[in-house]
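Fold and contact review
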Amino acid sequence: MRKIQTQGVHHITLVGADRQTSIDFWEGMLGMPFVFEQPNLDNAQESHLYFDPGDGRLITIFTDETRKADPSPVPQSNGCVHHLALNVSQASFRQIAERLDERGVRHSGPKDRGFMDSIYFRDPLGFLIELASYRFEPPEGVSHGEVMLEAHKLRVARGDYNIQEVHLADAIEALVLRGRRSLSDDRGPKNPYG
């Protein structure tokens, strides 16, 4: 038996209401360009809208003009999607609460997740959306996931409850030490002011 190796998320498809609600939310509120539309090839009653979230992937929405937006929270029981997290820069993150407030959208307020900041709110159909911003940039050629793995190992070894910025900083330092060569024999910390 062998694995079926994945290489990233190809796209995520959500069930939407009418076409304009989707366009207004995904492009008009979250800034995702509306890049493609065709019929839902499995259901001729629906249209299939494609939005670019900014990372080369796609978020697609099945729309039907007979469906209307219902803001009631969608189920979060076993087998259901809990929320969709979208990446934003720190500059954008600092503006989110104000921009949601301008629209009268209820939200969680900023949440400290140790390695990232996040804020939660519901889309017009009651689906939980998280806007998240990493507190770190990985070294060139290293993914966020690799930094998280290294930070996790440090956190566990130190007996800490959750990942904090010190774990991230130390993880980045360890990854650079292992991944970047140097002419120095001793690459340990020094005090040039001493």
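Described in the following lines is the structure provided in the data block.

Criteria and cut-off values
Residues numbered from 1 in each chain as written. Predicted model: local features only at pLDDT ≥ 70, side-chain atom pairs only at ≥ 80, totals over all residues. Heavy atoms only, no water. Helix = DSSP H or I, 4+ residues; strand = E, 2+ residues; numbered from the N terminus. Rg over C-alpha atoms; globule rule 2.2 N^0.38 Å. Buried < 20%, exposed > 50% of the residue type's maximum accessible area, 1.4 Å probe, protein only. Contact = heavy atoms within 4.5 Å. Areas by Shrake-Rupley, 256 points an atom, 1.4 Å probe, with all protein chains shown as cover. Lys, Arg positive; Asp, Glu negative; His and termini not counted. Charge placed at Lys NZ, Arg CZ, Asp CG, Glu CD. Pairing = 2+ DSSP bridges. Phe/Tyr/Trp six-rings, centres within 6.5 Å; stacked < 30°, edge-to-face > 60°. Axes fitted to C-alpha atoms, helices over the stretch in contact; angles between N-to-C directions. Salt bridge = Lys/Arg side-chain N within 4 Å of Asp/Glu carboxyl O. Polar contact = N/O pair within 3.5 Å; in protein donor to acceptor, adjacent residues only side chain to side chain.

1. What to know about the overall build of the protein
What the protein contains, in helices and strands, is four helices and eight strands. Mapped from its N terminus to its C terminus, the protein presents α and β elements in the order β-α-β-β-β-β-α-β-β-β-α-α. For the protein, the C-alpha radius of gyration of 21 Å lies well beyond 16 Å, the compact-globule estimate for 194 residues. Along the three orthogonal principal directions, the C-alpha set of the protein runs to about 70 × 45 × 30 Å. Split into buried and exposed, the 194 residues of the protein put 33% on the buried side. Sequence separation of 24 or more characterises 49% of the internal contacts of the protein that already satisfy a separation of 6 or more. Total accessible area computed for the protein in this model is approximately 13200 Å², and 52% of it derives from carbon and sulfur atoms. The protein carries 22 positive and 28 negative side-chain charges, and their two centres are separated by 7 Å.

2. Remarks on the pairing of strand E2 (residues 34-40)
Strand direction decides the pairing type here: E2 and strand E3 (residues 43-51), joined by six bridges, are antiparallel. Counted as the bridge partner of Glu37 is Leu49 from E3.

3. Some words on the packing of aromatic side chains
Applying the stated criterion across every chain yields a total of six aromatic pairs. One aromatic cluster in this structure is built from Phe25, Trp26 and Phe121.

4. Some details on the sheet that holds strand E1 (residues 11-15)
Read from one edge of the open sheet, four strands run E1-E4-E3-E2, paired in mixed fashion. Each edge of the open sheet carries a strand with a single partner, namely E1 and E2. Put simply, the sheet's adjacent strands are angled 20° from each other on average, direction ignored. Summarising the sheet, E1 and strand E4 (residues 58-63) pair through five bridges and their orientation is parallel. Considered in E4, the bridge of Ile12 is made with Ile59. Contacts from helix H1 (residues 19-26) reach E1, E2, E3 and E4, with the element oriented near 10° to E3.

5. Remarks on the pattern of salt bridges
Within this structure, the stated rule accounts for eight salt bridges. Its salt-bridge partner being Asp112, residue Arg135 comes within 3.0 Å of it at the nearest N-O pair. Residue Arg135 is found in the loop between strand E8 (128-134) and helix H3 (144-158), and its partner Asp112 is found in strand E6 (residues 111-112); the two are separated by 23 residues along the sequence. One network of salt bridges, in which partners are shared, links Asp112, Asp117, Arg135 and Glu165.

6. Description of the side chain of His48
Within the fold, His48 resides in strand E3. We classify His48 as buried; its relative accessible area is 9%. Within polar-contact distance, the side chain of His48 engages the side chain of Thr60 at 2.9 Å. Residue contacts for His48: discarding those within four places in its chain leaves Thr13, Phe36, Glu37, Gln38, Pro39, Asn40, Thr60, Ile61 and Phe62.

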